[in-house]
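Geometric and topological summary
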Amino acid sequence: MATAHIIGAGVAGLAAAVEMSKAQFRVVVHEQSGQAGGRCRSFYDNTLGCTIDNGNHLLLSGNKSALSYLDTIGAGDQLTGPEFAEFPFVDLKTGERWSIRLDRGSMPWWILNKDRRVPGTRLSEYLSGLKLLSAGNRTVKQLFAGQGPLFERFWEPFTVAVINTTADLAAARLLTPVIRETLAKGAEYSRPLIARHGLSATFVTPAIEWLERRGSEIRLNDRVSAISMDERRVVSIETGKGSELIANCDVVVMAVPAWVVRSLIGDVSAPDRFVPIVNVHFRVDNPRMPLMNNPLLGMLNSLSQWLFVRDDVASVTISADDDAANRDANDILNTVWREIASEIGQAPDKRPARARVIKERRATFLGTPEQLEKRPPPSTKWQNLVLCGDWVDNGLPSTIEGAIRSGQTAAQRVVQLIAS
Ligand SMILES: Cc1cc2nc3c(=O)[nH]c(=O)nc-3n(C[C@H](O)[C@H](O)[C@H](O)COP(=O)(O)OP(=O)(O)OC[C@H]3O[C@@H](n4cnc5c(N)ncnc54)[C@H](O)[C@@H]3O)c2cc1C
C-alpha cells in the first residue's frame, strides 16, 4: 500500500490527510508540536479557567470546502450560528446601530430598501461592488474609497475581517471569490458560523479520530527537519526518529506554514510578510448580546472590531492592527472592556478578573497584490511532492476555507500526478 506523508497537522494538512485516506493511501501525519490544529486550535487557559480557542474564527455557510470536510469527518453539526444571515453593527463614535440582513436567493432586495441599507449609504454605492470583477491589482481602498460611507461602514471592516489586511493595502481581487461563494448567493450561503464547542472539537479531534479509525498514524512532536530529493522525486524525509525513505509509489504533502517552507524546500516561492490578530477573552457571568440568538457584533470606531459570545466567554477580535499587537495587555483589556461591557449587559467599571489577551503574531499572510504574486501553485517540480496551506495559491484569503480547500486540492493533484 502506498504511503502519503503529510507534514503539518493544521487544517490544511488534516484535510489533505482525509483526502489521501479516501484515495486508499496509508496516511502518516508528522506534526512538530504536541497538539494538532496549528493556527486553528483550542487549549485550556489557566487564567480563565476554561478551554478557549487561540482566536475567534468565523466561517460562512457558503464555505463549501470546510463544510464538506466536516461532513466527512462526522463533525457537520459542530458549527453553529444565528438562523438568519444577519450581521449587527454598532458605531461607538456616533452610537448608531444597524444590521445587514441578507435575503434568500441571489437577488439582494435589501439594498433597494433605504431602511435596510447601512445608514447614510446610497444604492449606487452598492452597485459599485461590481468593480470587483475587474479589480486587477488595485487595493480595496483604490476601488471603493471616496464614494460614500459604505467604504468605512462595510468595505473596510469586511476587508479586515476577511483578508486580515487594511483596505489601503489589501488586494481587492481576494474579496471576489469570497463574495461570489457567499454574499452574492444570498442568505443560505452567508450565515455566520462559529465552532459550537471550540475549534479543536470541531476541526481537529474528529479528523484525528476519523483518520485513526482508518489506520492512519498521527505523529505528534515529530518535526520534519529536512527532505531530500533527486531530480524527479522526494526520496527521504528526516524526522526526530531518523531518516524515512520515500518509496517510488509514496507521496509527500507539505502542509507547513509559509514561514517554514523555505527551510525545507529552498526552491519555492512563498508570501513572506505576515499580519497579527489579537484576541481578548473575558469570563463573564451571564453575558447578553444586543440581538438575541446572534453571537456576534461588528464594532466600528473602536479598538474592538468583532465581539463574540459563547457560553460565559466574551471574546473580541482585533485584526490587522500592529499597534494593538505591540500594546500592553492590561491596557488592551481596559480599553476593550470599556467598549464592550454595556453591549453584553455588564458594568463598564467592573472588569472581570478572569481576562486574557492572546496575540498571534503571524496569524495570516499580508494580503497585498505583491504578496499574492508569491503564492505558489500546489504542484512542484518533484512529481511526488505537493504543497498546501492557506498561503498556497487557491484564490482565497488566508482562512480556514482556503486552507482546507488547498489541502483537498493538493491531495487530489498528487493522486492524479502519480497516476499519470
Ligand atoms: C487569531 C486568528 C484568527 C483567525 N481568524 C480566522 C477566521 O475568523 N476565519 C478563518 O477562516 N480563518 C481565520 N484565521 C486563519 C486560519 O486559522 C488559518 O488560515 C488556518 O488555520 C491555516 O491553516 P494551515 O493548515 O494552512 O496552517 P497552520 O495552521 O499554520 O498549520 C501548519 C502546521 O504545520 C506544523 N509544522 C510547522 N513546521 C513543521 C515541521 N517542520 N514539521 C512538522 N510540522 C510542522 C505546525 O506546527 C502547524 O501545526 C485566523 C487565524 C488566527 C491565528
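Residues numbered from 1 in each chain as written. Predicted model: local features only at pLDDT ≥ 70, side-chain atom pairs only at ≥ 80, totals over all residues. Heavy atoms only, no water.

A closer look at the overall build of the protein
Test applied: Counting from the N terminus, the helices are the DSSP runs of H or I reaching at least four residues and the strands are the DSSP runs of E reaching at least two. Every radius of gyration here is taken over C-alpha atoms, with the globule rule written as 2.2 Å times N^0.38, N being the number of residues. Only protein chains enter the accessibility calculation, which uses a 1.4 Å probe. A residue is then buried if its area is under 20% of the maximum for its type, exposed if over 50%, and partly exposed in between. Two residues qualify as a contact provided that any one of their heavy atoms is within 4.5 Å of a heavy atom in the partner residue. To measure how exposed things are, a 1.4 Å probe is used in the Shrake-Rupley method; for residues, cover is taken only from the protein chains shown. Positive charges are assigned to Lys and Arg, negative charges to Asp and Glu, while His and the chain termini are left out of the count. Charge coordinates come from a single atom per side chain, which is NZ of Lys, CZ of Arg, CG of Asp or CD of Glu.
The secondary structure content of the protein amounts to 12 helices and 20 strands. The C-alpha atoms of the protein give a radius of gyration of 22 Å, which matches the 22 Å a tight globule of 420 residues would have. Counting every position in the protein, which comprises 420 residues, the buried fraction comes to 57%. Considering only contacts in the protein between residues 6 or more positions apart, those separated by 24 or more positions represent 68%. For the protein, the exposed area adds up to about 17,800 Å²; of that, 49% sits on carbon and sulfur atoms. Side chains of the protein carry 48 positive and 46 negative charges; the gap between the two charge centres is 2 Å.

Things to note about helix α5 (residues 150-163)
Since there are 3.6 residues in each turn of an α-helix, residues three or four apart along the chain are aligned in direction. Within α5, 11 of the 14 residues are buried, which leaves it mostly tucked inside the rest of the structure. Among the residues of α5, those classed as buried are L150, F151, R153, F154, W155, P157, F158, T159, V160, V162 and I163. A positive backbone phi angle near 55° is found at N164, which sits one or two residues after α5.

So, the pairing of strand β2 (residues 26-30)
Quick note on the threshold: When DSSP locates at least two bridges between a pair of strands, those strands are taken to pair. For the handedness criterion, the strands are oriented away from the viewer, and a crossover whose path from the first strand over the helix to the second runs clockwise is classed as right-handed.
Counting buried positions along β2 gives 4 out of 5 residues, so the element sits mostly inside the fold. Sheet analysis places strand β1 (residues 3-7) next to β2, joined by 5 bridges and oriented parallel. Each bridged residue has a counterpart across the sheet, and for I7 the counterpart in β2 is H30. You can see the chain leave β1, run along helix α1 (residues 11-22) and come back into β2, and the turn it takes is right-handed.

Thoughts on the site of the ligand
Spelled out, the test is: Near, as used in this document, describes a residue that has one of its heavy atoms within 4 Å of the molecule or strand being considered. Between N or O atoms, a polar contact is any pair within 3.5 Å; within protein, one atom must be a potential hydrogen donor and the other a potential acceptor, and residues adjacent in sequence are included only when both atoms are from side chains. Throughout, the ten residues Ala, Val, Leu, Ile, Met, Phe, Trp, Tyr, Cys and Pro are labelled nonpolar, Asp, Glu, Lys and Arg are labelled charged, and all others, Gly among them, are labelled polar.
For the ligand, the set of nearby residues contains 35 residues, the closest of which are E31, R39, H57, L58 and D390. Between the ligand and the protein, one listed contact pairs an oxygen atom with a side-chain N or O atom of H57 at 2.7 Å. Residue T399 places a main-chain N or O atom 3.5 Å away from an oxygen atom belonging to the ligand. Across the complex, the protein chains shield 94% of the 1,000 Å² of accessible surface that the ligand would expose by itself. Mapped onto the shell around the ligand, the elements with two or more residues apiece are α1, β15 (274-283), β19 (355-365) and α12 (400-419). Broken down by class, the residue content of the shell around the ligand amounts to 15 nonpolar, 14 polar and 6 charged.

A closer look at the pattern of salt bridges
Once their charged atoms are close, side chains differing in charge can pair, the charge on each being opposite to the other. Selection criterion: Definition used for salt bridges: Asp or Glu carboxyl oxygen within 4 Å of a side-chain nitrogen of Lys or Arg.
Tallied over the full model, the rule gives 20 salt bridges. D45 is the partner of R356 in a salt bridge, and the nearest nitrogen-oxygen pair spans 2.4 Å. One end of the pair, R356, is in strand β19; the other, D45, is in strand β3 (residues 42-45), with 311 residues separating them in the sequence. According to the relative accessible area criterion, R356 is partly exposed, its value standing at 27%. For D45, a relative accessible area of 2% translates into the label buried.

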